[in-house]
Amino acid sequence: MTFAARLDAELAQFRRDGVYKRLNYLESPQAARAKMEGRGDVVILSSNNYLGLCNAPDVVAAGKRALDQFGAGTGSVRFICGTFTVHRELEAALARFVGCESSLTYVSCWNANEGLVATLLGEQDIVISDQLNHASIIDAIRLAKVITKCQTAVYRHSDMADLEEKLRSAQAANARLKLIFTDGVFSMEGDIAKLPDIVTLARKYDAVVAVDDSHATGVLGRSGRGSAEHFGMLGDIDIITSTLGKALGGAAGGFTAGPAPLADYLTQRSRPQLFSNALPPTVAASALAAVQHVERHPEVVTRLHENARYFRERLLALGFKPLPGETPIIPVILGETAKAIRMSELLLDEGVFVTGFGYPVVPQGHARVRCQVSAAHTRDDLDLALAAFKRVGAKLGLL
Ligand SMILES: *Cc1c(COP(=O)(O)O)cnc(C)c1O
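Keep in mind that this is a model prediction, so the values were computed, not measured. (Residues numbered from 1 in each chain as written. Predicted model: local features only at pLDDT ≥ 70, side-chain atom pairs only at ≥ 80, totals over all residues. Heavy atoms only, no water.)

K.L.:
I'm lost on the nonpolar core in this one. Help?
P.N.:
Core analysis: the largest hydrophobic core is formed by 66 residues, its most contacted members being L51, L163, I180, I198 and I237. Looking at which element gives the most residues to this core, the answer is helix α12 (residues 281-296), with 9 residues. Domain assignment of the residues forming this core places at least three in each of domain 1 (18-47 + 298-395) and domain 2 (57-296). Excluding residues that lie within four positions of it along the chain, I198 makes contacts with Y155, M160, L163, I180, T182, A193 and V209. By size, the runner-up hydrophobic cluster in this structure holds 25 residues, among which are L45, V354, V369 and V373. (Core = buried A, V, L, I, M, F, W, Y, C linked by side-chain atoms within 4.5 Å. Buried < 20%, exposed > 50% of the residue type's maximum accessible area, 1.4 Å probe, protein only. Helix = DSSP H or I, 4+ residues; strand = E, 2+ residues; numbered from the N terminus. Domains from an automatic or database assignment. Contact = heavy atoms within 4.5 Å.)

If you want it as structure tokens, here you go:
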């Protein structure tokens, strides 16, 4: 069999298994409603555009100005000649926003996570990771293990007794640096990490806490500063990684924030910093405008919280059983992967875009459609989506 024929055969199997993902092309900006696949007005309930900033005029204008001021590309990695003044401004704004002393941007949060673990840890160190952490953390840890021979441990999802057990073992083994790494908001379940307990345990066992706040930055807390603000713990988290590709304008990019020397340390040693281009200035400028937008308009965060609460309550009233929670990630569990994909297709026929997720993104038998609510949604948008859920749910015998 040729290489191409082998790929074709595997793709055919994905289709037979009902797990093949068809791409849906947008023909207009990411927004509460978008042009998709020739349809004029699809309600988007599957985007990370939590604050509606992807197409906010100030965010777009900042990118255009930066294109004129700095040109299209950085043409270099940061430490050679790819550092622009807009990077400095953005990194100062991000550190302030998430309650840390310094921050450093990467071209993605995936890169930020990979650039963190392997840089901080060595052979005598251990990273202790929540079982449901995002793939970028899992792969960052795998990579660090290969590069640095660091120790690794995984604790059951949000199980504090198990985390303590892993910390106790690490202490008994005389691990030098103990790094606890968790998502702030778990993307497939929509639940929030137990940060108060995690930080208490970290203090008890002299560990460092890293939180990937990609689904929490701009989302949680009264002013959108993330999971730390949600728990009244701004300034108490040692390291925060996050994305610029979700609530903060949604273009691309990520960052790592922490104590004052952290950004400089990563600048010196983190391999994706040293060997991969800096964040494009247009993207940096849009992200900076997004941070300023949230700081000036905290009411957009309030609207997001209200929309999430409304949508969750109405789904329950219709007879659906979304996973309980307080974030704008609202998963409806359906079981088999094919069922989730079928529901997603029927909803799109009704003008509502919600992605179905199955194995291997979620465990076997826990396939789901995952709704993500945005501050950009009006009540009309949400009511239209709820009416579609009602019809499709009845058609599939779910209600
Ligand atoms: C989305 C996400 C990422 C990836 O962010 P990018 O900037 O797109 O690489 C990383 N971590 C978590 C927890 C995420 O949800």
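Anyway, onward from the coordinates.
K.L.:
What is the right way to read the domain arrangement of the protein from this model?
P.N.:
Reports often express the size of an interface as the amount of accessible area lost when the parts come together. As assigned here, the protein comprises domain 1 (18-47 + 298-395) and domain 2 (57-296). The C-alpha-based centres of domain 1 and domain 2 are spaced at 27 Å. At the interface, 17 residues of domain 1 touch 19 residues of domain 2. Both sides of the domain 1 and domain 2 interface together cover about 1,400 Å² of buried area, and 61% of this is carbon and sulfur. (Buried area = accessible area lost by both parts, 1.4 Å probe.)

K.L.:
Whenever I open this one, the pattern of salt bridges confuses me. Can you help?
P.N.:
Two side chains bearing opposite charge may form a pair once their charged atoms approach each other closely. One pass over the structure, following the stated rule, counts 16 salt bridges. The residue E164 makes a salt bridge to R168 at a minimum N-O spacing of 3.8 Å. Taken together, the positions of E164 and R168, both in helix α7 (residues 160-172) and 4 residues apart, correspond to about one turn of that helix. On the basis of relative accessible area, E164 is assigned to the buried category, the value being 16%. Notably, a salt bridge pairs E350 with R391, separated by 2.7 Å at the nearest N-O pair. Placement of E350 in the loop between α14 (337-349) and β11 (352-353) and of R391 in helix α15 (residues 379-395) is noted, with a sequence separation of 41 residues between them. Judged by its relative accessible area of 24%, E350 is partly exposed. (Salt bridge = Lys/Arg side-chain N within 4 Å of Asp/Glu carboxyl O.)

K.L.:
So what exactly am I meant to see when it comes to the sheet that holds strand β10 (residues 329-335) here?
P.N.:
Two pairing modes exist for strands in a sheet, parallel and antiparallel, and in both the strands are linked by backbone hydrogen bonds. Read from one edge of the open sheet, 3 strands run β10-β13-β12, paired in antiparallel fashion. Strand pairing shows two members of the sheet lacking a second neighbour, β10 and β12 (355-357), which therefore form its edges. Neighbouring strand axes in the sheet, compared pairwise and without regard to direction, differ in orientation by 30 degrees on average. By the bridge criterion, 6 bridges tie β10 to strand β13 (residues 367-372) in an arrangement that is antiparallel. Within the sheet, the bridge partner assigned to I330 lies in β13 and is C371. (Pairing = 2+ DSSP bridges. Axes fitted to C-alpha atoms, helices over the stretch in contact; angles between N-to-C directions.)

K.L.:
Quick question: what am I supposed to make of the packing of aromatic side chains here?
P.N.:
According to the stated counting rule, one finds 3 aromatic pairs in the structure shown. A ring pair is formed by F70 and F84, whose centres lie 5.6 Å apart and whose planes are at 90 degrees; its orientation type is edge-to-face. Highlighted residues: F70 in helix α2 (residues 57-70) and F84 in the loop between α3 (78-82) and α4 (85-98), separated in sequence by 14 residues. On the accessibility criterion, F84 (18% relative accessible area) is buried. Pairing F311 with F389 gives two aromatic rings, centres 6.1 Å apart and planes at 80 degrees, and the pair type is edge-to-face. Taken as a pair, F311 in helix α13 (residues 299-318) and F389 in helix α15 lie far apart in primary sequence, 78 residues in all. Summarising the burial analysis for this pair, F311 and F389 share the class buried. An aromatic cluster of at least three residues, connected via ring pairs, comprises F311, F320 and F389. Against the face of Y20 rests R15, its NZ or CZ located 4.2 Å from the ring centre. A cation sits over an aromatic face here: R379 above Y310, 3.9 Å from the ring centre. (Phe/Tyr/Trp six-rings, centres within 6.5 Å; stacked < 30°, edge-to-face > 60°. Lys NZ or Arg CZ within 6 Å of the ring centre and 35° of its normal.)

K.L.:
It is not clear to me how the sheet that holds strand β5 (residues 151-155) should be interpreted in this structure. Could you clarify?
P.N.:
Read from one edge to the other, the open sheet built from 7 strands follows the order β3-β9-β8-β7-β6-β4-β5, with strand pairing classed as mixed. Looking at the sheet topology across the chains shown, the edges are occupied by β3 (102-106) and β5. Between one strand and the next, the sheet's axes are offset by a mean angle of 20 degrees, whatever the strand orientation. Strand direction decides the pairing type here: strand β8 (residues 239-243) and strand β9 (residues 254-258), joined by 4 bridges, are antiparallel. Looking across to β9, one finds that T241 is bridged to T256. In the packing of helix α5 (residues 109-120) onto the sheet, the strands contacted are β3, β4 (126-130), β6 (178-183), β7 (208-212), β8 and β9, and the crossing angle to β8 comes to about 155 degrees. Taken strand by strand, helix α10 (residues 260-269) contacts β3, β8 and β9, and its axis lies near 30 degrees from that of β3.

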